Amino acid sequence: CDETGGDYYDFLESSDHQHGNFIAVVGDVSGHGIPSALIMATARAFLRQRASLPGTPAEIVSDVNRQMTRDFEESAGFMTLFYLCIHPAEKSLCWVRAGHDPAILYDPESDQFDELRGEGMALGVDADGRFEQFQKAGLKKGQIIIMGSDGLWEARNPQGEMFGKEPIQQIIRQSPHATARDILTSCFNRLKDFLEDHSPEDDVTLVVIKITKD
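Residues numbered from 1 in each chain as written. Predicted model: local features only at pLDDT ≥ 70, side-chain atom pairs only at ≥ 80, totals over all residues. Heavy atoms only, no water.

(A) Up close: the overall build of the protein chain. Across its full length, the protein chain holds five helices and nine strands. What you see in the protein chain, going N to C, is helices and strands ordered as β-β-α-α-β-β-β-β-β-β-α-α-α-β. Here the protein chain has a C-alpha radius of gyration of 17 Å; the compact-globule value for 214 residues is 17 Å, and the two agree. Put simply, the protein chain has 214 residues, and 48% of those count as buried. Contacts in the protein chain between residues far apart in sequence, at least 24 positions, make up 69% of those at least 6 positions apart. (Helix = DSSP H or I, 4+ residues; strand = E, 2+ residues; numbered from the N terminus. Rg over C-alpha atoms; globule rule 2.2 N^0.38 Å. Buried < 20%, exposed > 50% of the residue type's maximum accessible area, 1.4 Å probe, protein only. Contact = heavy atoms within 4.5 Å.)

Put into structure tokens, the structure is as follows:
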């Protein structure tokens, strides 16, 4: 919503990338503008550096949290994060949720949406905070994963109505065979129509991942 903001998304290379594992993260820094953008950039550097070293997702997020808490204890800033690792060979997912909205997994075969939930505080709050890793097996071709920031779900039109998650679920359900890019474009077009001429009050971020191989 501003020229600079605190939303963050990234695709990371892990220490075991030779096995085809894929990492996607989405984060949201408190506040807006330059201060939030600086925290976001620092968190990005911490994550990229730590993800390149051995360790589980829970260990990686815990170490990044420790660094962020030390760096930002005077600013009182914090950052929510959803850290997702896809294991194609094992047909599984694992994730760490640090105060962020759960990712959403859609299975077109069962026509079910499943939120990837889990406990975990935001980064930068408690240096000794520990983060739990959650797992889900049975990853299949055609499944779709959505990761976003609350600036999307909570966007309001001129009438004060909230966009919510239902329009995005409708788009996915109506076009389960569309590419990830086409789904992403459809979601933002729907948001633009919903907002009319109203500008969003928060940064808006959405990542769409589609499983394309068995």
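(B) Summary view of unusual backbone geometry. Its identity as a non-glycine residue notwithstanding, Lys91 has a phi of 55 degrees, on the positive side. Its identity as a non-glycine residue notwithstanding, Asp111 has a phi of 55 degrees, on the positive side. For Asp111, a relative accessible area of 32% gives the class partly exposed.

(C) Local environment of the packing of helix 1 (residues 33-51) against helix 2 (residues 57-72). Contact pair helix 1 / helix 2: the axes reach a minimum separation of 10 Å and the direction vectors enclose 145 degrees. Our pair here, helix 1 against helix 2, has a crossing hand that is right-handed. Of the residues in helix 2, those touching helix 1 at Ile39, Thr42, Ala43, Phe46, Leu47, Arg50 and Ala51 are Glu59, Ile60, Asp63, Val64, Gln67, Met68, Asp71 and Phe72. (Axes fitted to C-alpha atoms, helices over the stretch in contact; angles between N-to-C directions. Left-handed = near helix turned anticlockwise from the far one by under 90°.)

(D) Highlighting the packing of aromatic side chains. Applying the stated criterion across every chain, the model contains five aromatic pairs. Consider the rings of Phe11 and Phe22, whose centres lie 5.8 Å apart with planes at 25 degrees: the pair is stacked. Separated by 11 residues along the polypeptide, Phe11 in strand 1 (residues 7-12) and Phe22 in strand 2 (residues 22-29) bring together distant segments of the chain. Judged by relative accessible area, Phe22 falls into the partly exposed class, the value being 32%. Through pairs of rings, three or more aromatic residues link up here, namely Tyr9, Phe11 and Phe22. Across the ring face of Trp153, the terminal group of Lys165 is positioned such that the distance to the ring centre comes to 5.0 Å. (Phe/Tyr/Trp six-rings, centres within 6.5 Å; stacked < 30°, edge-to-face > 60°. Lys NZ or Arg CZ within 6 Å of the ring centre and 35° of its normal.)

(E) Spotlight on the sheet that holds strand 1. Strand order across the open sheet formed by five strands is 1-2-3-4-7, with antiparallel pairing between neighbours. The open sheet has two edge strands, strand 1 and strand 7 (134-137), and neither has a second partner. Ignoring strand direction, the axes of neighbouring strands in this sheet form an average angle of 15 degrees. Relative to strand 7, strand 4 (residues 92-98) is paired through four bridges, and the arrangement is antiparallel. When the bridges of strand 7 are listed, Cys94 appears paired with Gln135. Helix 1 contacts strand 1, strand 2 and strand 3 (79-87) of the sheet and is inclined by roughly 15 degrees relative to strand 1. Helix 2 rests against strand 3 and strand 4 of the sheet, and its axis sits at about 155 degrees to strand 3. (Pairing = 2+ DSSP bridges.)

(F) Spotlight on the nonpolar core. Counting 26 residues, the largest nonpolar core has Leu12, Met68, Leu81, Tyr83 and Leu123 as the members making the most contacts within it. Where this core is concerned, the elements lending two or more residues are strand 1, strand 2, helix 1, helix 2, strand 3 and strand 4. Once residues within four sequence positions are removed from consideration, Leu81 is found in contact with Val25, Val26, Gly27, Leu47, Val61, Val96, Arg97, Ala98, His100 and Leu123. Ile104, Ile144, Ile168 and Leu195 belong to the second-largest nonpolar core, a separate cluster that totals 19 residues. (Core = buried A, V, L, I, M, F, W, Y, C linked by side-chain atoms within 4.5 Å.)

From the geometry alone we can't say anything about function, so treat these as descriptive.
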